[in-house]
Amino acid sequence: MCEVIVVTSGKGGVGKTTTSANIGTGLAALGNSVVMIDTDIGLRNLDVVLGLENRIVYNLIDVIEGNCRFKQALIKDRNYNNLFLLPCAQTRDKTAVSPEQIVKLVDEIRQEYDYIIIDCPAGIEQGFRNAIAAADRAVIVTTPEVSAIRDADRIIGLLEAYGIEKQHLIINRIRYDMVKKGNMMSADDVVDILGVDLLGVIADDEDIVISTNKGDPVVNGHSRSGQAYMSICKKIIDDSIEAEDHYNSRNRSLRSLFRRKRA
């Protein structure tokens, strides 16, 4: 049974597209058939992060408008035969698609794949409503900054209002040296504020920047960030799996953070 996961944040610039690329790639590496859909119409970036920008012929709008079938628009990943990207258009805006059209398209795609990962645009306008329309689960990405956490809290409330109760949190770009000095919120602090089950923590890591610039998701490598993303993917598949803090020398279990619920 296919699961549709929307990756969202509210605030831009927190690593949402990088997270989408690594989750999609990690799930495919674990043997699942995956389609990633970029819904940031006008500002597409998922193709660049995946290194597929030169292979685009058709896009999401072409499929919606009936100019091609969805399989004609899918771009196969360079490393995995079971991973595909459906890119969006750069020359249109978010009003070119309605939530109902996204639901219809996703319902067609979900018949043949295990996971659909939807990369949501920033903000809470039309693009957000399009992206969440067909989602079964939401992954909220935030950084340990007040503005990002406030926007994430707003998104959590909106997701609940739209009936998406299955929500998980990824804390991105955490710096443990700053946490130890008391200059940055810890993972515990962020979970306490947002009250959403934690899926994983990703440190502020230069390996991610390098991999993104190369168009090769870090989950394909053996860095601690790659291992952290792979743990997130394993937990998406099986929520009973314990995740580990790959940046902590003591390899501390994060189990205690998974059990907290939104008040």
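Heads up: the structure comes first, above all this text.
Residue numbers restart at each chain and count upward from 1, following the sequence in its written direction. At least 70 in pLDDT is required for a residue's local features to be given in this predicted model, at least 80 for side-chain atom pairs to be given and counted, and no such filter applies to totals for whole chains, interfaces and linings, which use all residues. Computation of side-chain values covers all heavy atoms of the structure but excludes hydrogens and water.

(A) Fine view of the nonpolar core. Think of a nonpolar core as a cluster: buried Ala, Val, Leu, Ile, Met, Phe, Trp, Tyr and Cys residues, connected wherever their side-chain atoms sit within 4.5 Å. Exposure categories follow from relative accessible area, calculated using a 1.4 Å probe and restricted to protein chains: below 20% of the type maximum is buried, above 50% is exposed, and the middle band is partly exposed. Among the nonpolar cores identified, the biggest contains 53 residues, and Ile 37, Leu 60, Leu 86, Ile 109 and Leu 169 are the most heavily contacted of them. Residues count as neighbours in contact if any of their non-hydrogen atoms are within 4.5 Å of one another. The residues contacting Leu 60, other than those within four sequence positions of it, are Ile 37, Asp 38, Ile 41, Leu 86, Pro 87, Cys 88, Ile 102 and Leu 105.

(B) A look at unusual backbone geometry. Phi is positive for Arg 173, which is not a glycine, with a value near 60°. Secondary structure elements follow DSSP: runs of H or I no shorter than four residues count as helices, runs of E no shorter than two count as strands, and numbering proceeds from the N terminus. Mapped onto the elements of the fold, Arg 173 is located in strand 7 (residues 167–174). In this structure Arg 173 comes out as partly exposed when scored by relative accessible area, which is 36%.

(C) Examining the packing of aromatic side chains more closely. Pairing of aromatic side chains here covers Phe, Tyr and the six-membered ring of Trp, requires ring centres within 6.5 Å, and sorts the geometry by plane angle: under 30 degrees stacked, over 60 edge-to-face, intermediate tilted. For the coordinates displayed, the defined rule picks out 2 aromatic pairs. Seen from their ring centres, Phe 84 and Tyr 113 are 5.9 Å apart, and the 70° between their planes marks the pair as edge-to-face. Residue Phe 84 is located in strand 4 (residues 83–86), and its partner Tyr 113 is located in the loop between helix 5 (99–109) and strand 5 (115–119); the two are separated by 29 residues in the primary sequence. What makes Phe 84 buried here is its relative accessible area of 15%.

(D) Representation of the pairing of strand 5 within the structure. Counting buried positions over the 5 residues of strand 5 gives 5, a clear majority of the element. Because side chains alternate across strand 5, one face comprises the buried residues Tyr 115, Ile 117 and Asp 119, and the other comprises Ile 116 and Ile 118, equally buried. In this description, strands pair whenever DSSP reports at least two bridges between them. Where strand 1 (residues 3–8) meets strand 5, 5 bridges bridge the pair, whose relative direction is parallel. Residue pairing for strand 5: Ile 5 is matched across the bridge by Ile 117. The pairing of strand 2 (residues 34–38) with strand 5 spans 5 bridges and is classified as parallel.

(E) Structural context of helix 1 (residues 16–29). To estimate how far a helix should reach, multiply one less than its number of residues by 1.5 Å. For helix 1, which comprises 14 residues, the first-to-last C-alpha distance of 20 Å matches the rise-based estimate of 20 Å (1.5 Å per residue) to within 8%. For helix 1, a buried count of 13 out of 14 residues is recorded, marking the element as mostly surrounded by other parts of the structure. The first or second residue beyond helix 1 is Gly 31, which carries a positive phi of 100°.

(F) A look at the packing of helix 1 against helix 11 (residues 224–237). Helix axes use the C-alpha atoms of the stretch in contact, all axes being lines fitted to C-alpha atoms, and the angles between their N-to-C directions lie in the range 0 to 180 degrees. Where helix 1 meets helix 11, the closest approach of the two axes is 9 Å, and the angle between their N-to-C directions is 65°. Of the possible angle classes, the one that applies to helix 1 and helix 11 is roughly perpendicular. For the pair helix 1 and helix 11, the sense of crossing is right-handed. When helix 1 is examined against helix 11, the residues Thr 18, Thr 19, Asn 22, Ile 23, Gly 26, Leu 27 and Ala 29 are found in contact with a partner set consisting of Tyr 229, Met 230, Ile 232, Cys 233, Ile 236 and Ile 237. Amino acid classes used here: Ala, Val, Leu, Ile, Met, Phe, Trp, Tyr, Cys and Pro are nonpolar; Asp, Glu, Lys and Arg are charged; the rest, including Gly, are polar. For the contact of helix 1 with helix 11, the per-class residue count stands at 9 nonpolar, 4 polar and no charged. When an angle is under 35 degrees it counts as roughly parallel; over 145 it counts as roughly antiparallel; between 65 and 115 it counts as roughly perpendicular; any other value is oblique. Rotating anticlockwise by less than a right angle from the far helix to the near helix defines a left-handed crossing, while the corresponding clockwise rotation defines a right-handed one.

(G) Molecular detail of the sheet that holds strand 3 (residues 75–76). Strand order in the open sheet formed by 8 strands is 3-4-2-5-1-6-7-8, with mixed pairing between adjacent strands. Single-partner strands in this sheet number two, and they are strand 3 and strand 8 (198–203). Strand contacts of helix 7 (residues 146–161): strand 1, strand 6 (137–142) and strand 7, with the helix running at about 170° to strand 6, the strand carrying the most contacts.

(H) The arrangement of the side chain of Asn 172 in detail. Of note, Asn 172 is situated in strand 7. Each polar contact in these results corresponds to two N or O atoms within 3.5 Å; when the atoms are within protein, one needs to be able to donate a hydrogen and the other to accept it, and residues that are neighboring in sequence are counted only if both atoms are side-chain atoms. Separated by 2.8 Å, the side chain of Asn 172 and the backbone oxygen of Val 14 make a polar contact. The contacts of Asn 172, once residues within four sequence positions are left out, are Val 14, Gly 15, Val 141, Thr 142, Thr 143, Pro 144, Ile 202 and Tyr 229.

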